[in-house]
Structures are given as structure tokens and as C-alpha cells.
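# Coordinate inspection notes
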Amino acid sequence: MLRPRHAFPMLALIATLAASPAMAAVDTAAVVNNYADIVHANYEDALIKAKALQTAVEGLIAQPSKESLEVARQAWLAAREPYGQTEAFRFYGGPIDDAKDVEGRLNSWPLDEAYIDAVKGKPNSGLINNAKAPLNIERLIKLNAKGGEANVSTGYHAIEFLLWGQDFNPKGAGDRSYTDFVDGQGKNADRRRQYLKLVTDQVVADLDYLAGQWKADADNYRSAFLKDKPEANLRKMLTGMAILSSAELAGERMQVALDNQDQEDEHSCFSDNTHRDIVNNALGIRNVLMGEYKRVDGSVVKGPSIKDLVAEKNNALADKLALDFNASVQAAESIQAPFDQEIIGKKDAPGRKRVSATIGALKKQTQTLVEAARALGIKKLSVDLPK
């Protein structure tokens, strides 16, 4: 009698499978809860880095020097890393986009430099050089975007302009002198120092508000958010990802600059940090998909994800999502600084090809995301900016 050669291994496999726990279904509520944890951790990191910027700015104000100005610049660059990733939490009426207009105060751009300070050919321009006008944060908030979108008076990019100044260097960033903050050397140096402190303190205050609204076990936006139907929150999460990926990042922040070949259309034009803005936006979108965020201290917040939900419906589609989102991050990381030089030249210029490839990758991932949303029961996912 012939003995089946694979009888024992097959029996062992059956026994192993029988002993394994059944693969649990992914719970949409758990995905939403993990998202709330990630949002809070990301805003908390942005706040931590903003406070470090605040300390550096206070050092510059107390003792202006080439060294203290450079410390403040590096702190600003570090502060942009976590904040850029939070932008995937926009576009659905959350705290960043509520009636307080926190986003408008924090991150408005492009910025008309002459609205704030002296510029080339206009030595007396700006709120800083209008000595009769009082400087206080309430007034600067009221003046933000008053009379035109470019009339930006607060936020990261107001600080950026004060730290770097206008950028006339094709190979690098702006090069404002620290003497602009020294009495007797920079015109209205005292008002420039005061302005810088006011807008930096407001960035910290706004991020403190956002982190507080997403803090667990508190009477805040998060508590109301989690009481809503998980499916409704899933739509919000996907909407934030889709609009940032398509209309905002691929469109307003990249395609417009590529078409116009104009430095004024790049996001962080004074510091030449636009390439990092793009990478961090792409990372933020991927964080939401994967349900995973690496904090500034190196720890990781991780849990059930949108990708897991999609995999239950269509495993191949979930894999395609991951591939497309990774491709976007990789394409963004290939863009070189300064961005204002990447966008100029003929169609086949290497920099323009890198920017175009990233735009194409972002549009492709958006299409896949819309397909995934449909698989999750969301028939129409908005990819356009709210009106």
C-alpha cells in the first residue's frame, strides 16, 4: 500500500489553521479613532517645534546677530516639517478650517512683502514702517488678507519673510541682514522685532488651539467628531486627502508655479523650502492612508487604516493605493532646491520634468483614491477646493 507522501504536512497545516484565531474584520470606528490619534500627535509635534521657533526668535530679538538669526531660520525650517504633514487634515470643516480662520492666519500665501516691510525700491513700505500705526496682534489678525489675498500679515510665511527677506539669489534663499533687527542700523528695527514676536507668538497660540481640539478625553472637536457616524468621518478623511493631493498640492502649489515659472507662485519663496513643503504634504496624505505617523521624537503612532478597510473589499486595489502613494512621496523627494529654479526653462528641463512627474503621480494617486472610496461605498469623492 502506497502511503501518501504529504499526508503529515497537510494534516499539520490544517491543525495550525484550525488553531489560529480568525482574521478580525477591520472596524471603521477603529480606523477613525486611530486617525484622531494621528491628528492630535501631528498637531502636538507642530506645536512643539513652533515653541522651539518661539524660543529662537526670542533669542534673536534679545541679541540680534548673524548666529542668532541663523538659529531662528533653522528653527523655522524644523517647524515646517510636522506642520506640512498636518495639511491632510483640512478641507472638511475641522478646527483648522472653522470660523476662526486658523488656517488663514497660519499658512496664507503667496505674500505681498510690501504689505509687511520694506522691499527693494520701496524703503518705506509695510506695516512695520508705518510708525503711526499701532502694532498688536488683534490688529494684525484683522489686517490679514484685508483688501486682497496677498495682503498676508500673520503666520509662517510672515515670519519667513522677516527672517530671510526677499530672495534675489538664483542659487539660494533670501539673505536679510541681522542688522535689520539692530537699533540704529535697521530702520524701525524695534517695530520689526515687535512684529516678529507678535506673529510668532500667534503661530504658537493657533497650534495650541488645534492640538487642544484633537486632544483625547476632553470636551472639544474630537469628542464631537467621534460621536458622529464612522462612515461620515471616513468621508471627511478621504476628502482631506483627495483635495490636498489634487486641487491644492498638484494644482495650486505646483501646476500654477510650473505654468507661470514665477518665484512668487512658490510656497516658501523666501527660504527656498518649497521642496520640503511638497514632500511633507505628500507624506501627510500617505500617513492618513496607512494609519501611521512618525513623531518628531521618533516614536510611531500606528493603528487600523484606510488601506486595511480597502483591502477587505479589494486587496489588489489596496496594494495599488500603497504603490501610488509611495510613488508620489518618492517623486516629491526627487525635486531639488531651490524650487524657483526647478520650474524654469523648457519643457524638457530636468527640474521641470521632476516637478511634472510629481504632479502626475499625485493626480494618479487621487484617481486611485477615488476608486478606493467607491469601493468603500462613497460614490462621489470631492477632489476640488471648497468654494
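These numbers were taken from a predicted model, which means no experiment stands behind them.

A few words on the pattern of salt bridges. Counted under the stated rule, the structure contains 23 salt bridges. In this structure, a network of salt bridges that share partners links the residues Glu 87, Arg 90, Asp 97, Glu 103, Glu 248 and Arg 253.

The terminal C-alpha atoms of helix 12 (residues 315-334) lie 29 Å apart, and with 20 residues this matches the ideal 28 Å at 1.5 Å per residue to within 8%. For helix 12, every residue scored as buried is listed here: Leu 317, Ala 318, Leu 321, Ala 322, Asp 324, Phe 325, Ser 328, Val 329, Ala 331 and Ala 332.

The N-to-C vectors of helix 2 (residues 28-62) and helix 3 (residues 66-86) enclose an angle of 165°; their axes lie 8 Å apart at closest approach. In terms of orientation, helix 2 lies roughly antiparallel with respect to helix 3. When you trace helix 2 past helix 3, the crossing you get is left-handed. Residues Asn 42, Tyr 43, Asp 45, Ala 46, Lys 49, Ala 50, Ala 52, Leu 53, Ala 56, Gly 59 and Leu 60 of helix 2 pack against Ser 68, Leu 69, Val 71, Ala 72, Ala 75, Trp 76, Ala 78, Ala 79, Pro 82, Tyr 83, Gln 85 and Thr 86 of helix 3. By residue class, the composition of the contact of helix 2 with helix 3 is 16 nonpolar, 5 polar and 2 charged.

So, about the packing of aromatic side chains. Using the criterion set out here, one finds 10 aromatic pairs in the structure. Between Tyr 43 and Phe 89, the aromatic rings sit 5.8 Å apart at their centres with planes inclined by 65°, giving edge-to-face as the arrangement. In this pair, Tyr 43 sits in helix 2 while Phe 89 sits in the loop between helix 3 and helix 4 (102-107), placing the two residues 46 residues apart along the sequence. Phe 89 shares its class with Tyr 43; the two are buried. Ring geometry for Trp 214 versus Phe 225: centroids 5.2 Å apart, planes at 70°, classification edge-to-face. On the criterion of sequence distance, the pair formed by Trp 214 in the loop between helix 7 (189-213) and helix 8 (221-227) and Phe 225 in helix 8 is long-range, its members being 11 residues apart. Across the pair, exposure class does not vary: Trp 214 and Phe 225 are buried alike. Taken together through their ring pairs, the aromatic side chains of Tyr 35, Tyr 43, Phe 89, Trp 214, Tyr 221 and Phe 225 make up a single cluster. Between the NZ or CZ atom of Arg 80 and the centre of the ring of Tyr 156, over which it lies, the distance is 4.9 Å. Between the NZ or CZ atom of Lys 120 and the centre of the ring of Phe 168, over which it lies, the distance is 5.0 Å.

Below, the discussion takes up the side chain of Asp 272. Relative to the assigned elements, Asp 272 resides in the loop between helix 9 (230-260) and helix 10 (274-290). One buried charged residue, Asp 272, remains without a salt bridge, the closest side chain of opposite sign being Arg 73 at 11 Å. When neighbours within four sequence positions are excluded, Asp 272 is seen to be in contact with Glu 160, Asp 167, Gly 172, Ala 173, Glu 266, Ala 337, Pro 338 and Asp 340.

The biggest cluster of nonpolar side chains holds 105 residues, and the ones touching the most others in it are Leu 207, Leu 238 and Ile 306. If one sorts the elements of this core by residue count, helix 2 sits on top with 15 residues. In this view, Ile 306 contacts Val 31, Leu 234, Met 237, Leu 238, Met 241, Val 288, Leu 289 and Leu 376; residues no more than four positions away in its chain are not counted.

With 94% of its residues at a pLDDT of at least 70, the protein reaches an overall mean of 93. When the criterion is pLDDT under 50, residues 1-22 qualifies, and its contacts beyond four places in sequence or with other chains add up to 0 contacts.

When the terminal C-alpha atoms of helix 3 are compared, their 31 Å separation across 21 residues agrees well with the 30 Å that a helix rising 1.5 Å per residue should span. A bend of about 25° at Arg 80 is the largest found in helix 3, and the proline Pro 82 appears one to four places after it.

Turning our attention to the packing of helix 2 against helix 9. Two elements in contact, helix 2 and helix 9, have axes separated by 9 Å at closest approach and are oriented at 50°. Viewed along their axes, helix 2 and helix 9 adopt a mutual orientation that is oblique. You can see that helix 2 and helix 9 cross each other, and the crossing is left-handed. Between helix 2 and helix 9, the residues in contact are Thr 28, Ala 29, Val 31, Val 32 and Tyr 35 and Pro 230, Glu 231, Asn 233, Leu 234 and Met 237, respectively.

Right, let's talk about unusual backbone geometry for a bit. Looking along the chain, the bond that leaves Trp 109 and enters Pro 110 is cis, with omega of -10°. If you trace the backbone, Pro 110 turns up in the loop between helix 4 and helix 5 (137-143). Going from Ala 337 to Pro 338, the amide bond is cis rather than trans, its omega being -5°. You can see Pro 338 is positioned in the loop between helix 12 and helix 13 (339-342). Even without glycine at this site, Asp 101 takes up a positive phi of about 55°. Its identity is not glycine, yet Asp 217 carries a phi of approximately 60°, on the positive side. Mapped onto the secondary structure, Asp 217 falls in the loop between helix 7 and helix 8. Judged by relative accessible area, Asp 217 falls into the exposed class, the value being 86%.

Conventions adopted
- Residues numbered from 1 in each chain as written.
- Predicted model: local features only at pLDDT ≥ 70, side-chain atom pairs only at ≥ 80, totals over all residues.
- Heavy atoms only, no water.
- Salt bridge = Lys/Arg side-chain N within 4 Å of Asp/Glu carboxyl O.
- Helix = DSSP H or I, 4+ residues; strand = E, 2+ residues; numbered from the N terminus.
- Expected span 1.5 Å × (residues − 1).
- Buried < 20%, exposed > 50% of the residue type's maximum accessible area, 1.4 Å probe, protein only.
- Axes fitted to C-alpha atoms, helices over the stretch in contact; angles between N-to-C directions.
- Parallel < 35°, antiparallel > 145°, perpendicular 65-115°, else oblique.
- Left-handed = near helix turned anticlockwise from the far one by under 90°.
- Contact = heavy atoms within 4.5 Å.
- Nonpolar A, V, L, I, M, F, W, Y, C, P; charged D, E, K, R; others polar.
- Phe/Tyr/Trp six-rings, centres within 6.5 Å; stacked < 30°, edge-to-face > 60°.
- Lys NZ or Arg CZ within 6 Å of the ring centre and 35° of its normal.
- Lys, Arg positive; Asp, Glu negative; His and termini not counted.
- Core = buried A, V, L, I, M, F, W, Y, C linked by side-chain atoms within 4.5 Å.
- pLDDT = per-residue confidence, 0-100.
- Bend = angle between axes of the 7 residues up to and from the residue.

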